[in-house]
Amino acid sequence: MAYYGAEAAVEALDEFLQDATYGLNAELATMRTVLSVTTDNLPDVAAFEKYYPKDLQGRSFPHLSMVYISDTAEQQPNSRMINVDIEIRITVLDLNVDGGASEVGLAMCRYRDAMTKMFIRRTPTGKQGWTLSNGGTVATGRVIRCTIESNMLAFDPEIQASTPNMMLRTSLSVRMQEDY
């Protein structure tokens, strides 16, 4: 019997966000086409990392970290379901986006919009955001629901830099069901 908890939730999220066809960079490419902007205005995420929030310590930007935060007790007696809280942190440096602070802020809004669309997407079947593509290959059938709980933008000096670098912090709740 496999374990479906914090590790499985983070791994399923990672697989979902990095999917070549339906992942975040694919969604950003679609958004760029619709908005008639380029990667100069809305660059692809250059690095995806799990478990540790490197944020400004990353080596490639825009940088995305997926970090396990906490989880809950079993949601209903004998349900074998827990909620795992994960935070996605997208850090964008001012040099990643053409323009000044306002353009970086606009790019952050667009990252938020792209992710929100992914998580409420209904098609194609089996690729729904609210189940992280049915748990992917890591937790197939074990992700009951994934929801965005909040988005928050962090600015300097909150991320300890002296330029208009920004970080989008997205809090997720992933309901996992244990295999039994």
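Below is a summary of the structure that appears in this document. (Residues numbered from 1 in each chain as written. Predicted model: local features only at pLDDT ≥ 70, side-chain atom pairs only at ≥ 80, totals over all residues. Heavy atoms only, no water.)

**Let's talk about the pairing of strand β5 (residues 166-177)**
Most of β5 is tucked away, with 9 of its 12 residues classed as buried. In this structure, strand β3 (residues 81-92) lies alongside β5, joined through 12 bridges in antiparallel fashion. The partner of I90 across the bridge, within β5, is L168. Where strand β4 (residues 143-154) and β5 come together, 10 bridges link them in antiparallel fashion. Opposite R145, over in β5, you have R175 as the bridge partner. (Buried < 20%, exposed > 50% of the residue type's maximum accessible area, 1.4 Å probe, protein only. Helix = DSSP H or I, 4+ residues; strand = E, 2+ residues; numbered from the N terminus. Pairing = 2+ DSSP bridges.)

**Looking at the pattern of salt bridges**
Under the criterion given, the structure shown has 8 salt bridges. Each of the salt bridges in this network shares a partner with another, and the network as a whole consists of E11, D14 and K50. (Salt bridge = Lys/Arg side-chain N within 4 Å of Asp/Glu carboxyl O.)

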